[in-house]
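Architecture at a glance
Okay, here's what each chain looks like letter by letter:
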Amino acid sequence: RKLEPLLVLGRTEMLLPEHPHVVAYMRTIDSDSARLLVLCNFSAEPQTVVWDDALKFETAELLLGNYPTDNAELAQRLQSPTLRPFEALLVKLRPH
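What this report covers is the structure whose coordinates are included nearby. (Residues numbered from 1 in each chain as written. Predicted model: local features only at pLDDT ≥ 70, side-chain atom pairs only at ≥ 80, totals over all residues. Heavy atoms only, no water.)

Quick look at the pattern of salt bridges now. Taken as a whole, this structure holds three salt bridges when the rule is applied. When the shortest N-O distance is used, the salt bridge between Arg 77 and Glu 87 registers 2.8 Å. With Arg 77 in helix α1 (residues 71–78) and Glu 87 in the loop between β6 (82–83) and β7 (88–94), the pair connects residues that are ten residues apart, well separated along the chain. You can call Glu 87 buried: its relative accessible area is 0%. (Salt bridge = Lys/Arg side-chain N within 4 Å of Asp/Glu carboxyl O. Helix = DSSP H or I, 4+ residues; strand = E, 2+ residues; numbered from the N terminus. Buried < 20%, exposed > 50% of the residue type's maximum accessible area, 1.4 Å probe, protein only.)

This paragraph deals with the nonpolar core. Membership of the largest hydrophobic core comes to 17 residues, with the highest contact counts inside it found for Leu 37, Leu 39, Trp 51, Leu 78, Val 91 and Leu 93. Of all the elements in the fold, those that place two or more residues in this core are β2 (22–28), β3 (35–41), α1 and β7. Sequence-distant contacts of Leu 93, defined by excluding residues within four places in its chain, comprise Met 26, Ala 34, Arg 35, Leu 37, Phe 57, Thr 59, Ala 60 and Leu 78. Counting six residues, the second-largest nonpolar core is a separate cluster that includes Leu 6, Ala 34, Cys 40 and Leu 90. (Core = buried A, V, L, I, M, F, W, Y, C linked by side-chain atoms within 4.5 Å. Contact = heavy atoms within 4.5 Å.)

This is how it looks when you write it as structure tokens:
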């Protein structure tokens, strides 16, 4: 936590407040810096996430997850992710 200011500072924006099984939020300090995306599926079934707006970022780096995830495919997967049962992801998104 001490090594990542986004975990301590900044704002939290809920991305899917009405979703019955997925908690999704973004941590940001300012609009020009990196952001942290948190996705958690609290269901025993896979859950597909549909964003109201496309996520905009240059690169995505998986910081923490409970399933094996290929960083090379992560950016594409985040555009319309299907979370596996009880999957959790903490992803650092860097801007263009």
